[in-house]
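Residues per chain, in single letters:
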Amino acid sequence: MKQKKFSLTDVNYYSLEADQAYCSASQFLDIVGRPSLPGCESRAMAKLHGEYKEETTKAMLIGSILDCLWELEDLDYSEKLQIIGERFPECLSSRGKTKNELKSEYKLALKMYERTLQDPLFRQFMSGEKQVIMTGEIEGLPFKIKMDSYIPGKAIVDLKTTQDASMKYRKYIADSGNWETFYRSFSYDIQLAIYREIVRQNTGQTLRCYIAAVDKKEHPLPQIIELSPKLLDEALETVKAKIPTVKMLKSGEITNYVRCEECDYCRDTYKCTVLSSEEFETQDE
């Protein structure tokens, strides 16, 4: 696959061409996997070749609406709704008394936003420059990043929605048998390690990194979590170790892609075979 770097903007950042030219934290993790979700080279490359588009879930849309509300914090609510409607038309009602209002299943995003606005510390961490784009290279692989709240010279803050933002919450990882924090289970440490490194390359400064989390409960809980430098250093080493495979996949040197056989793409493209009862019986051994 030909990779030609070019200037990124808000308009083309999420384009197929940008994804082909640059790796991102999400693309990297799509390939190598997270503790809570295995990677799938076959799905990731189908997306890069424009052959597959992942379905947008309700959870993803709630997170996107929350991002948008914070990005547009200086606008009034009607202006925010107008822009949300342009970006995510499926989230607004199109008829009746609620026309041009958020559909009921997406109003949780507004509740989460209003709850975070009430917290002075959360507002402080989300007071940085919004959706700042930077590019760089890690081990020769071009990367792009887009930061939710960038406070120059001080901090990188990533806004996350989660099932539970309390310190006691842990997610069970079946493959390892471990219970992990939400930010480790979804590899947000990997994401912020990439962000920190690209910002360092652009500014010469190694900044502190934070997750501004809010959960999706009826009474949302906000939380600020600082990821330690040690955790981020280890995460960056993990990235560097796995980059050679990612580079070969993106360059076309590897064409025999590994399938996870668990995701929707693998189920949709699975070719059935004749399996013996013995194979079924011993599958979990």
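For the structure itself, consult the block above.
All of these numbers come straight from a predicted model, not from anything done at the bench.

*Asks:* Break down the nonpolar core for me, citing the residues and quoting the values.
*Replies:* With 43 residues, the main nonpolar core has Phe28, Phe143, Met147, Ile156, Ile194 and Ile211 as its most contacted residues. Aside from chain neighbours lying at most four places away, what touches Met147 is Glu129, Lys130, Gln131, Val132, Met134, Ile156, Tyr195 and Val199. Counting residues in each nonpolar core, the second largest holds 29 residues, with Ile65, Leu69, Ala155 and Val157 among its members.

*Asks:* Provide a residue-level description of the packing of helix α3 (residues 41-48) against helix α10 (residues 229-251), including the pertinent values.
*Replies:* Contact geometry for α3 and α10: axes closest at 11 Å, N-to-C directions at 45°. Relative to α10, α3 is oriented oblique. Considering how the two elements wind past one another, α3 and α10 form a crossing that is right-handed. Where α3 abuts α10, its residues Glu41, Met45 and Leu48 lie against Thr245, Leu249 and Lys250. Across the contact of α3 with α10, the residue classes tally to three nonpolar, one polar and two charged.

*Asks:* Just give me the short version of helix α9 (residues 188-203), but keep the residues and values in it.
*Replies:* With 16 residues, α9 extends 22 Å between its outermost C-alpha atoms, agreeing within 8% with the 22 Å of an ideal straight helix rising 1.5 Å per residue. By the criterion of burial, α9 is predominantly enclosed, with twelve of the 16 residues buried. Of all the residues in α9, the buried ones are Tyr188, Asp189, Ile190, Gln191, Leu192, Ala193, Ile194, Tyr195, Arg196, Glu197, Ile198 and Val199. Looking one or two residues past α9, Gly204 carries a phi angle of roughly 80°, positive in sign.

Cut-offs and rules
Residues numbered from 1 in each chain as written. Predicted model: local features only at pLDDT ≥ 70, side-chain atom pairs only at ≥ 80, totals over all residues. Heavy atoms only, no water. Core = buried A, V, L, I, M, F, W, Y, C linked by side-chain atoms within 4.5 Å. Buried < 20%, exposed > 50% of the residue type's maximum accessible area, 1.4 Å probe, protein only. Contact = heavy atoms within 4.5 Å. Axes fitted to C-alpha atoms, helices over the stretch in contact; angles between N-to-C directions. Helix = DSSP H or I, 4+ residues; strand = E, 2+ residues; numbered from the N terminus. Parallel < 35°, antiparallel > 145°, perpendicular 65-115°, else oblique. Left-handed = near helix turned anticlockwise from the far one by under 90°. Nonpolar A, V, L, I, M, F, W, Y, C, P; charged D, E, K, R; others polar. Expected span 1.5 Å × (residues − 1).

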